[in-house]
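The chain contents come next:
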Amino acid sequence: GKKSSTFSLAANPFLLSPSTKRTLLMIENQVEMLRAATSNLTWDRDQHQFVFDPFFVLAIDREHLLAQTLQKISAASHVELRKSLKIVFKGEDAVDAGGVLKEFM
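This write-up is about the structure you can find in this document. (Residues numbered from 1 in each chain as written. Predicted model: local features only at pLDDT ≥ 70, side-chain atom pairs only at ≥ 80, totals over all residues. Heavy atoms only, no water.)

Some words on the packing of aromatic side chains
Piece 1. With the rule as written, the count across this model stands at 1 aromatic pair.
Piece 2. Between tryptophan 43 and phenylalanine 50, the ring centres sit 4.9 Å apart and the planes meet at 75°, which makes this aromatic pair edge-to-face.
Piece 3. With a relative accessible area of 47%, tryptophan 43 lands in the partly exposed category.
Piece 4. Seen from the ring of phenylalanine 55, lysine 86 lies directly overhead, with NZ or CZ sitting 5.2 Å from the centre. (Phe/Tyr/Trp six-rings, centres within 6.5 Å; stacked < 30°, edge-to-face > 60°. Buried < 20%, exposed > 50% of the residue type's maximum accessible area, 1.4 Å probe, protein only. Lys NZ or Arg CZ within 6 Å of the ring centre and 35° of its normal.)

Overview of the side chain of glutamine 68
Piece 1. With respect to the helices and strands, the residue glutamine 68 is situated in helix H2 (residues 65-75).
Piece 2. Owing to a relative accessible area of 16%, glutamine 68 belongs among the buried residues under this scheme.
Piece 3. Polar side-chain contacts of glutamine 68 include one of 2.7 Å to the backbone nitrogen of aspartate 61.
Piece 4. Dropping the residues within four chain positions of it, glutamine 68 is found in contact with Ala59, Ile60, Asp61 and Lys90. (Helix = DSSP H or I, 4+ residues; strand = E, 2+ residues; numbered from the N terminus. Polar contact = N/O pair within 3.5 Å; in protein donor to acceptor, adjacent residues only side chain to side chain. Contact = heavy atoms within 4.5 Å.)

Here you go:
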């Protein structure tokens, strides 16, 4: 068969260490999350600033955690699913600074 003239790291996985591959995947994920977060960027004339939502917010009841999570994820667009995840438990005042997300996971 015909050989490709372009170089691909995927075709040569032995060139990078596992930790380097992990780092590259994390960077790629962060770039994609930023791209998704800014995809709906708008200008607020009153505030004189750009407005965007960097999070995919899951607002759910603890009693229906699994069912509501699956429903909201299946209804979300692929762009929303690339954003950073933020969990809100309905009826609770906790702000998700990481603890609520860890509890959810």
